[in-house]
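Summary of the model geometry
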Amino acid sequence: MKPLVQIEHVGMQFDTKKGPFVALSDVNLQIREGEVVSLIGHSGCGKSTLLNLIAGLTLPTDGALICNGREIAGPGPERAVVFQNHSLLPWLTCFDNVYLGVERVFGGKESKAKLRERTQAAIEMVHMAHAASKHPGEVSGGMKQRIGIARAFAMEPKILLMDEPFGALDALTRAALQDELIGVMQKTGATVVMVTHDVDEAVLLSDRVVMLTNGPAATIGEILEVNLAKPRNRLSLADDAEYIRCRQAILEFLYQKQLKKAA
Amino acid sequence: MSTASLASELGSVRDLPICAQPAQTVTSHPSTSAETMQTIHTPSPTAVPNARRTALRDGTQRVLRAVIPPILGFALLILIWELVSMKTKGIPGPLVVWHAAVALFSDPFYSNGPNDQGIGWNILSSLKRVAIGFGFAAAVGIPMGFLIGRFQFLNKALDPLISLLRPVSPLAWLPIGLLVFKKADPAATWTIFICSIWPMILNTAQGVQRVPQDYMNVARVLNLSEWKIITKILFPSVLPYMLTGIRLSIGTAWLVIVAAEMLTGGVGIGFWVWDEWNNLKVEHIIIAIFVIGIVGLLLEQLLIQLAKRFSYENA
């Protein structure tokens, strides 16, 4: 099958006050449809930079990214992003935040009632129907991120990009949202690329874990296949041999092969 | 909100009449009565009615703590005023001014020709000038602020000009206004325009420059149209800054209008002050000072309430 996203010899260089800084160099990766891929690495290794490149929020200085047969030249709703800090508009209700995306994608072809129905469905999918008419300032951090996820899923993107989606949440809320996400991904069969620094999260959610070397000039160090049946359950996985193997492999990569000297 | 603070809230609002009695005792001996109340209530074993009573007491104490200092402040002002008026010839005391004010405000809207009108008409015509001048300033300043905030080139081009003109007293522009408009009234409005426009431009521009990058990223990912970006993202996030600009503008405009009207004459609170000075009715001048202060205060509070309505928690 042809991959949905092809990343070919991509390099990214930023101009800083101290001169050019090479964040990424020669990154090659192919993402298949329906696949869940995690990007993991030490902080500052360029995980988010790579995600922003796929999103089209920044353009590479080297190489090319191709999505669905076309070169990525800018951001677009077929590559929805869930931002780490949720980025909901505080002056719109949760419903209207989701609706804004729905309207943009389906507004031309569907009736208002259908658009509202889509929005409602997305909000129900993340179990936020009770708070749909609230403003983001009135709900908790976990709830905001649920709405952020609903907004992204409601646009029915080709690929969903998540930049440390649960990084700002406490451990219990994070677990609840991971389970939520597992359910949503199961239902929609979405293609997902997720940046994380949480080893358990990476193994629990992904089909493949892409491990990046330390920057500057970071690139892909190893790719780990996670051969665990879906849907996954965090309790029964705790002593699963494959789960432990994957975890071990990532930890070895992060803390032996890529140990940061002065962290 | 916790139940305790809710109760104290209720205590402060609804149960105020019931608390009139302890309130009076507290005023006469604030520290001792508070202490005795505490020694009586704290060791009491009956928790529920006690808690309610404590909440009640906290409520009244909070109201008293909020109300007593300003009352004392005003009392001090009136005391000093009375002393000054006793020592100085020509300055009327508080009581004289109070009687004059009662007389003045019993018929605020009379009109005996252009030079003798009720205080109500004078205030209204000053407010009208401020509104017109400010309206023009908003119509020009807000779009200009948006442009300056959005385009670096315009910012660089106009920043030195604004820096140069902003510190100039708007009254210095009055002769230009008289020259151009040939009439006193539009010239006064013109000075209001000049003094209102700078805060509008600067605050709007700052608001546009400070639109969080996250929101712009959302706009880019959703690929929103330029119209949607303006209505759903730019305008709402700039609005609080704009309202700050409006508040500063109106504040200055209200300061300036009094001086401008003293120079241009006509009907208006500033002219009225000058007229009463010529009539040597000092008690009316003192009334005017209070009126100008109160109107300014009301304008400010109105705009603060408006700003509260449109400020959003970003977290």
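One can find the structure itself at the top, above this paragraph.
Bear in mind the structure is a predicted one, so any value in this text is a computation, not a measurement.

Attention now moves to the environment of Pro-216 of chain A. All names here are of chain A. Looking at the secondary structure, you find Pro-216 in the loop between β9 (208-212) and β10 (220-225). Through-space distance from the C-alpha of Pro-216 to that of Asp-163 is 20 Å; in sequence the pair is 53 residues apart. Discounting chain neighbours no more than four positions away, the residues touching Pro-216 are Phe-21, Val-22 and Ala-23.

Our focus in this paragraph is helix α7 (residues 152-165) of chain B. Owing to its 3.6 residues per turn, the α-helix aligns residues three or four sequence positions apart on the same side. All names here are of chain B. Between its first and last C-alpha atoms α7 spans 20 Å; for 14 residues at 1.5 Å apiece the expected length is 20 Å, and the two agree. Of all the bends in α7, the greatest reaches close to 35° and is centred on Leu-158; the proline Pro-160 follows between one and four positions later. Counting buried residues in α7 gives zero out of 14 residues, a small share hidden from the surface.

Attention shifts here to the interface of chain A and chain B. Each partner contributes to the interface: chain A provides 17 residues, whereas chain B provides 15 residues. Where the side of chain A that touches chain B is concerned, the elements lending two or more residues are β6 (79-82) and α2 (94-106) of chain A. At three residues, the largest contribution of residues to the side of chain A that touches chain B is made by α2 of chain A. Looking at the side of chain A that touches chain B residue by residue, the classes come out as eleven nonpolar, five polar and one charged.

This part covers the packing of helix α9 (residues 184-209) of chain B against helix α11 (residues 226-264) of chain B. All names here are of chain B. Axis separation between α9 and α11 bottoms out at 7 Å; the angle between their running directions is 155°. The orientation of α9 with respect to α11, classified from their angle, is roughly antiparallel. Two packed elements cross with a definite hand, and for α9 against α11 that hand is right-handed. For the contact of α9 with α11, the class distribution of residues is 19 nonpolar, eleven polar and one charged.

Okay, the pairing of β9 of chain A next. A regular strand places its side chains on the two faces of the sheet in alternate fashion. Residues and elements named next belong to chain A. Here β9 lies mainly inside the structure; four of its five residues are buried. Sheet topology places strand β3 (residues 36-40) next to β9; four bridges connect them, and they run parallel. Looking across to β9, one finds that Ile-40 is bridged to Met-211. As defined by bridge partners, β9 adjoins β10 across five bridges and the pair is classed as antiparallel. Following the sheet pairing, Arg-208 is matched in β10 by Glu-225.

Analysis parameters
- Residues numbered from 1 in each chain as written.
- Chains lettered and ligands numbered in written order.
- Predicted model: local features only at pLDDT ≥ 70, side-chain atom pairs only at ≥ 80, totals over all residues.
- Helix = DSSP H or I, 4+ residues; strand = E, 2+ residues; numbered from the N terminus.
- Contact = placed C-beta atoms within 7 Å.
- Expected span 1.5 Å × (residues − 1).
- Bend = angle between axes of the 7 residues up to and from the residue.
- Buried ≥ 20, exposed ≤ 12 C-beta atoms within 10 Å, placed from the backbone.
- Nonpolar A, V, L, I, M, F, W, Y, C, P; charged D, E, K, R; others polar.
- Axes fitted to C-alpha atoms, helices over the stretch in contact; angles between N-to-C directions.
- Parallel < 35°, antiparallel > 145°, perpendicular 65-115°, else oblique.
- Left-handed = near helix turned anticlockwise from the far one by under 90°.
- Pairing = 2+ DSSP bridges.

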